[in-house]
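Residue-level listing of the chains:
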Amino acid sequence: MDIWSKQKRSEVMSRIRGKNTKPEMILRSQLFKRGFRFRVNKKDLPGKPDIVLPKYQTAIFVHGCFWHYHKDCREGRIPSTNTKFWKEKLERNIAKDEKNVEALKLKGWNVVVVWECEIENKLEETLIDLTKRIKS
Ligand SMILES: [Zn+2]
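The model shown is predicted, which means the values in this text are computed figures rather than measured ones.

### Topic: the sheet that holds strand β2 (residues 51-53)
And then number 1: With mixed pairing, the four strands of this open sheet are ordered in space as β1-β2-β3-β4. Two strands bound the open sheet, and with one partner strand each, they are β1 (39-40) and β4 (110-115).
And then number 2: By the bridge criterion, three bridges tie β2 to strand β3 (residues 58-63) in an arrangement that is antiparallel. Looking across to β3, one finds that Leu53 is bridged to Thr58.
And then number 3: Strands in contact with helix α2 (residues 22-33) are β1, β2, β3 and β4; relative to β3, the strand with the most contacts, it is inclined by about 145°.

Here it is in structure tokens:
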């Protein structure tokens, strides 16, 4: 069931390992530079948001485009083999994400999702937008 090239596989596997993935680290250090102080991987909140800014009651998720099925994104695609399996799996992930966002909002949190491709491809823009959304 080898659906990826070797390179793609190791890329994906390194993302599965999850915490402290590169785009997330980039985002953290940029936020820190801009004076934001935060907690990471807060386990007592729905969905364990990647970055939490208590002062702004804001929770940030850094979503991998493949695993969270980023719409209109090159990485957010269902693999062409084992399509049914992947489609169901990725749709479950999305449903879980939506549930977590709702639960956080009910608790009064401002929730922001940042996609890895945004951090990788347009960091400045993403940070400007994110800063606005943190403070709103
Ligand atoms: Zn994406």
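### Some thoughts on the packing of α2 against helix α5 (residues 123-135)
And then number 1: Interaxial distance between α2 and α5 falls to 11 Å at its minimum, and their mutual angle equals 60°. Accordingly, the angle class assigned to the pair α2 and α5 is oblique. Here α2 and α5 pass one another in a crossing that is right-handed. In this structure, α2 contributes Ile26, Leu27, Gln30 and Leu31 to the contact, and α5 contributes Leu123, Leu127, Leu130 and Ile134.
And then number 2: Broken down by class, the residue content of the contact of α2 with α5 amounts to seven nonpolar, one polar and no charged.

### Section: α5
And then number 1: Given a rise of 1.5 Å per residue, 13 residues ought to cover 18 Å, and the 18 Å separating the end C-alpha atoms of α5 matches this to within 8%.
And then number 2: Where α5 is concerned, the buried positions are Thr126, Leu127, Leu130, Thr131 and Ile134. End-on, the buried residues of α5 take up no more than an arc of 135°, which puts them together on one face. Every exposed residue of α5 that faces more than 90 degrees away from the buried side is listed here: Glu125 and Lys132.

### Focus on the pairing of β3
And then number 1: Of all six residues in β3, six are buried, a share of seventy percent or more.
And then number 2: Covered by surrounding structure in β3 are Thr58, Ile60 and Val62 together with Ala59, Phe61 and His63, the residues of both alternating faces.
And then number 3: Where β2 folds back onto β3 in an antiparallel hairpin, the turn is made up of four residues, including Gln57, whose phi is positive at roughly 50°.
And then number 4: Relative to β4, β3 runs parallel, the two sharing six bridges. Paired with Ala59 across the strands is Val111, a residue of β4.
And then number 5: Where the polypeptide runs from β3 across helix α3 (residues 83-106) and back to β4, its parallel neighbour, the crossover connection is right-handed.

Conventions adopted
- Residues numbered from 1 in each chain as written.
- Predicted model: local features only at pLDDT ≥ 70, side-chain atom pairs only at ≥ 80, totals over all residues.
- Heavy atoms only, no water.
- Pairing = 2+ DSSP bridges.
- Helix = DSSP H or I, 4+ residues; strand = E, 2+ residues; numbered from the N terminus.
- Contact = heavy atoms within 4.5 Å.
- Axes fitted to C-alpha atoms, helices over the stretch in contact; angles between N-to-C directions.
- Parallel < 35°, antiparallel > 145°, perpendicular 65-115°, else oblique.
- Left-handed = near helix turned anticlockwise from the far one by under 90°.
- Nonpolar A, V, L, I, M, F, W, Y, C, P; charged D, E, K, R; others polar.
- Expected span 1.5 Å × (residues − 1).
- Buried < 20%, exposed > 50% of the residue type's maximum accessible area, 1.4 Å probe, protein only.
- Arc of directions from axis to C-beta.
- Right-handed = clockwise from strand over helix to strand, strands pointing away.

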